[in-house]
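Structural features, examined
As a plain string of letters, each chain reads:
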Amino acid sequence: MNEDKGNPSATSAPLDFIRRIVADDLRTGKWGGRVVTRFPPEPNGYLHIGHAKSICLNFGIAEQFGGVCHLRFDDTNPTKEEEEYVNAIIEDVRWLGFDWGEHLYFASDYFQQMYDYAEQLIRAGKAYVCDLSSEEVRLSRGTLTEPGRESPYRNRSVEENLDLFRRMKAGEFPDGSRTLRAKIDMASPNLNLRDPVMYRILHAEHHRTGAAWCIYPMYDWAHGLEDSIERVTHSICTLEFEDHRPLYDWFLDALGVYHPRQIEFARLNLSYTVMSKRRLLQLVREGYVSGWDDPRMPTLSGLRRRGYTPESIRNFCYSLGVAKDDGVVDVARLEHSVRDDLNRRAPRVLAVLRPLKLVVENYPESQVEEMDAINNPEDPGAGTRKVPFSRELYIERDDFREHPPKGYFRLSPGREVRLRYGYFVTCTDVVKDGGGEVVEVRCTYDPASRGGNSPDGRKVKGTIHWVSARHAVPAEVRLYEHLFTRPDPDDVPEGEDWTSNLNANSLEVVAAYVEPGLARAKAGERFQFERLGYFCVDPDSKPGAMVFNRTVSLKDTWAKVEKKR
RNA sequence: UGGGGAGUAGUUGAGUUGGUAAAACGCCUGACUCUGGAUCAGGAGGCCGAAGGUUCGAAUCCUUCCUCCCCAGCCA
């Protein structure tokens, strides 16, 4: 099939800084020849294209260096996490093409061990139960420039801490009344080290552990332990956790346990869209889109429904590289990678998005011919098919101009064009409605040009697509544009927010006609509508009521030329 | 303002021990073509954030400065 391009495992491309670290570690035997990475999503939303970069990195490294990559749910906050999300995440990672084998884990499975480690830290005098409220903690934490103040509970005895912590676990105290904190340094310039909270009390039902726990570990405390327990070698995360690394290291050192190396890289940002889970959730909840899998969403489920292939997303991610400066990637690159993939594999078909009737005056009224059409010029093995041709056809409105501009070489009065796989036709007349709108075009055909070539060798510049009016299948086609009108959704006037940059025209529904063979196409099937773009059958599609999504248009140099005028 | 990061073509990014700047996408030409697609061949585009310094020589080393991002959740 389609080999991933740009994946260092498949090319001689220079290694990125993370792969270089892995390769060095392998050479020096630092981890005993093991390579263990992990992708640790929190099940509080759907995966998006930014996660795909992380997935490709982690699974890609494991694959390339003969290691393994774990899929681990970081489910330490029962108030935000749901099973629906874990199922969707599993489906998405699998769809993207990765396999974690036996290595499916849940942080919640480690709760008991984490608890035991916490007691160990208490006994070592490195953690204490604090009775301050969250407000009081906030006030005593200090600011960016001023040190914090130590909690009055900071020096409780080990016995008292142990007793209180056990009672926290036993459910004796209400939410928010106490926390377990690490005893580090309230004056540290790194705020993360100012006695961070390790456990909070949350009497909440967890999607996996139910009511077994009422204290839940915080990210900083839990994450390193998860990595340690799984004997991860390289714990790869995004830049915002760079500040947390000293804490990651502190916990593991304080415990004296197996200690992976955390490495940070820049997350992916894409132009014309938003990527934060909070904002994606807002788009869903407030009805700006139809759901997490709305084809306009940058979620993997949205891209899948839109018609993106896993290969194209992987190739896109590999083409990005891995570095530490965060910028914004032009969506045009994502679009390029689907075109590149679909060009090679998508069967071509004829479809007319905005129909204009074309009557071939000298073509016999009742005649129908089956024309031979090539399924995919990029893939000779794809074969050919028959497409019916008759006297009345539909052509694209855009392919006729009563007054053609310079450089236009499609149909217009007196002009001859080729109907793809059909005949040469010459426009003889137009029919207009009361408002002067062209509602029908008349033409004559050259019977000698059957199939698309004329025996006298004369050339025509334009080739347009068409569909037989009598045989065509009506279909709903959903045309998508960028979700936002500006590359940076946050680029708004004073007082407005990112939602004011939502593109009102991001979805246009059109009543189209497609060639008859498409009547049986199944959800998820992808096609190239010749000269238009790549389209995918939507799950909403039903026999007799086909629905297609436009994945991406074809490059259109004529549109570009026209736009410049 | 304290701490942590980052600054190389429009974008993403190579450039690992200093020798004077890859590539991809985008853009512009042209060729070819029964998709104005694809393909092929060319091209434009960078004072390597700035200023000093070291050196025969600096994107790479030193100094100072500037800009951008992250951190004051009992979120992850």
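Residue positions within a chain follow its written sequence, with the count starting from 1. For this description, chains carry letters from A and ligands carry numbers from 1, given in the order in which they are written. Only residues with pLDDT of 70 or above have their local features reported here, since the model is predicted, and side-chain atom pairs are shown and tallied only from 80 upward, although totals for entire chains, interfaces and linings are computed over all residues. Hydrogens are left out, water is left out, and the side-chain values use all remaining heavy atoms of the structure.

1. Thoughts on the sheet that holds strand S20 (residues 466-468)
DSSP-based pairing: two strands are paired if at least 2 bridges between them are found. Starting at the N terminus, helices and strands are each numbered in turn, a helix being any DSSP run of H or I of at least four residues and a strand any DSSP run of E of at least two. Read across the open sheet, the seven strands follow the order S19-S16-S17-S18-S12-S15-S20; overall the sheet is mixed. Of all the strands in the sheet, just strand S19 (463-464) and S20 have a single pairing partner and so form its edges. Taken together, the four bridges between strand S12 (residues 355-360) and strand S18 (residues 438-446) define a ladder with parallel strand orientation. Across the sheet, residue Leu358 finds its bridge partner in S18, namely Val441.

2. Description of the domain arrangement of chain A
How far each domain reaches was decided by an automatic or database domain assignment. Under the domain assignment used here, chain A contains domain 1 (8-110 + 222-338), domain 2 (120-219) and domain 3 (351-471). Measuring from the centre of the C-alpha atoms in domain 2 to the corresponding centre in domain 3 gives 74 Å.

3. Here's the deal with the sheet that holds strand S7 (residues 215-217)
Spatial ordering of the open sheet is given by S4-S5-S6-S7, a layout of four strands whose pairing is antiparallel. Edge positions in the sheet fall to strand S4 (127-130) and S7, since each of these pairs with one other strand and no more. Strand-to-strand twist across the sheet, computed as the mean angle between neighbouring axes with direction ignored, equals 20 degrees. Sheet analysis places strand S5 (residues 179-182) next to strand S6 (residues 197-201), joined by three bridges and oriented antiparallel. For Arg181, the partnering residue across the bridge sits in S6 and is Val197. Throughout, a residue-residue contact means that at least one pair of heavy atoms, one from each residue, lies within 4.5 Å. Every angle, taken between N-to-C directions, lies between 0 and 180 degrees, and every axis is a line fitted to C-alpha atoms, over only the stretch in contact when it is a helix. Packing of helix H4 (residues 111-123) onto the sheet brings it into contact with S4, S5, S6 and S7, and relative to S6 it is tilted by some 120 degrees. Contacts from helix H6 (residues 158-170) reach S4, S5, S6 and S7, with the element oriented near 60 degrees to S4.

4. As for the pairing of strand S16 (residues 416-419)
Taken together, the three bridges between S16 and strand S17 (residues 424-432) define a ladder with antiparallel strand orientation. Note on S17: the bridge partner recorded for Val417 is Val425. Where S16 hands over to S17, the hairpin turn is made up of four residues, of which Tyr421 adopts a positive phi near 60 degrees. With two bridges connecting them, S16 and S19 associate as parallel partners. By the bridge assignment, Arg418 is partnered in S19 with Thr463.

5. Observations regarding the pattern of salt bridges
Throughout this description, the term salt bridge denotes a Lys or Arg side-chain nitrogen within 4 Å of a carboxyl oxygen of Asp or Glu. Counted by the stated rule, this structure contains 53 salt bridges. Between Arg442 and Glu361 there is a salt bridge; the shortest N-O distance is 3.1 Å. With Arg442 in strand S18 and Glu361 in the loop between S12 and strand S13 (369-374), this pair connects stretches of sequence that are 81 residues apart. Here the salt bridges share partners, and the residues they tie into one network are Asp293, Arg305, Glu476, Arg478, Asp538 and Asp540.

6. Here we look at empty space enclosed by the protein
Grid spacing is 1 Å over the protein atoms alone, the probe is 1.4 Å, and a cavity is where that probe fits but cannot get out, while a pocket is an open set with protein on both sides within 12 Å along at least five of seven lines and lining residues have an atom within 4 Å of a point. Grid points are joined across faces, edges and corners, and a volume is the space filled by probe spheres set on the points. In total, this model carries one cavity of 30 Å³ or more according to the counting rule given. For the largest cavity, the calculated volume is near 220 Å³. Looking at the largest cavity, it is lined by 18 residues, and the ones nearest its centre are Arg296, Leu303, Arg306, Val331 and His482. Of all the elements in the fold, those that place two or more residues in the lining of the largest cavity are helix H10 (300-306) and helix H12 (331-345). If you tally residues by element for the lining of the largest cavity, the top one is H12, at three residues. Asp, Glu, Lys and Arg are counted as charged, while Ala, Val, Leu, Ile, Met, Phe, Trp, Tyr, Cys and Pro are counted as nonpolar; the rest, among them Gly, fall into the polar class. For the lining of the largest cavity, the residue count by class is eleven nonpolar, three polar and four charged.

7. With respect to unusual backbone geometry
In this model, Asp195 sits at a positive phi of 45 degrees, which is unusual for a non-glycine residue. With respect to the helices and strands, the residue Asp195 is situated in the loop between S5 and S6. Despite not being glycine, Arg531 has its phi angle at roughly 70 degrees, a positive value. Note that Arg531 resides in the loop between strand S23 (526-529) and strand S24 (533-537).

8. Observations regarding the nonpolar core
Looking at soluble globular proteins, one finds that nonpolar side chains tend to be buried together. In these notes, a set of buried Ala, Val, Leu, Ile, Met, Phe, Trp, Tyr and Cys residues joined through side-chain atoms within 4.5 Å is what counts as a nonpolar core. Each residue's exposure class comes from its accessible area (1.4 Å probe, protein chains only) as a fraction of the maximum for that residue type: buried when under 20%, exposed when over 50%, partly exposed otherwise. Counting 40 residues, the largest nonpolar core has Ile49, Val93, Ile313 and Phe316 as its most contacted members. When contributions to this core are tallied by element, the ones reaching two or more residues are helix H2 (49-64), strand S2 (68-73), helix H3 (83-96), H10, helix H11 (310-320) and H12. Contact partners of Ile313, with chain neighbours within four places excluded, come to Ile49, Ala52, Trp95, Leu96, Leu300, Leu303 and Tyr308. Residues Tyr115, Tyr199, Leu202 and Leu225 belong to the second largest nonpolar core, which totals 36 residues.

9. As for the protein's contact with RNA strand B
Every one of the 65 residues lining RNA strand B counts as a neighbour, but Arg348, Arg410, Arg420, Gly451 and Thr557 are closest to it. One heavy atom within 4 Å of a molecule or strand is enough for the residue carrying it to be called near that molecule or strand. Sugar and phosphate atoms represent 61% of those atoms of RNA strand B found within 4 Å of the protein. Here a polar contact is recorded for every N or O atom pair within 3.5 Å, except that within protein the pair must consist of a potential hydrogen donor and a potential acceptor, and residues adjacent in sequence are included only if both atoms are side-chain atoms. Leu320 has a polar backbone atom sitting 2.6 Å from a sugar or linking oxygen of RNA strand B. One of the side-chain N or O atoms of Lys560 is found 2.6 Å from a phosphate oxygen in RNA strand B. Elements represented by at least two residues in the surface near RNA strand B include exactly helix H5 (134-140), S6, H12 and helix H13 (557-564). Element by element, the count of residues in the surface near RNA strand B is highest for H13, at four residues. Split by residue class, the surface near RNA strand B holds 21 nonpolar, 19 polar and 25 charged.

10. Overview of the packing of H4 against helix H8 (residues 245-255)
The angle between the axes and the distance between the axes are what describe a pair of packed helices. Close contact between H4 and H8 brings their axes to 10 Å; oriented N to C, the two are set at 75 degrees. On the basis of their axis angle, the class for H4 and H8 is roughly perpendicular. Residues Tyr117, Gln120 and Leu121 of H4 touch H8, and the partners they reach there are Trp250, Phe251, Ala254 and Leu255. The class makeup of the residues in the contact of H4 with H8 is six nonpolar, one polar and no charged. Roughly parallel refers to an angle under 35 degrees, roughly antiparallel to one over 145, roughly perpendicular to one between 65 and 115, and oblique to any angle outside these ranges.

11. Notes on H2
Any helix carries an expected span of 1.5 Å times its number of residues minus one. Between its first and last C-alpha, H2 extends 21 Å over 16 residues, near the 22 Å set by a 1.5 Å rise per residue. Among the 16 residues in H2, 14 count as buried, and that is most of the element. Immediately beyond the C-terminal end of H2, within one or two residues, lies Gly66, with a positive phi of roughly 70 degrees.

12. Let's talk about the pairing of strand S8 (residues 234-238)
For S8, a buried count of five out of five residues is recorded, marking the element as mostly surrounded by other parts of the structure. Neither face of S8 is exposed, since His234, Ile236 and Thr238 on one face and Ser235 and Cys237 on the opposite face are all buried. Note that S8 and strand S9 (residues 261-265) share five bridges and pair parallel. Directly across from Thr238, in S9, lies its bridge partner Phe265. Orienting the strands away from the viewer, one traces the path from the first strand over the helix to the second; a clockwise path indicates a right-handed crossover. The parallel pair S8 and S9 is bridged by H8, and the resulting crossover is right-handed.

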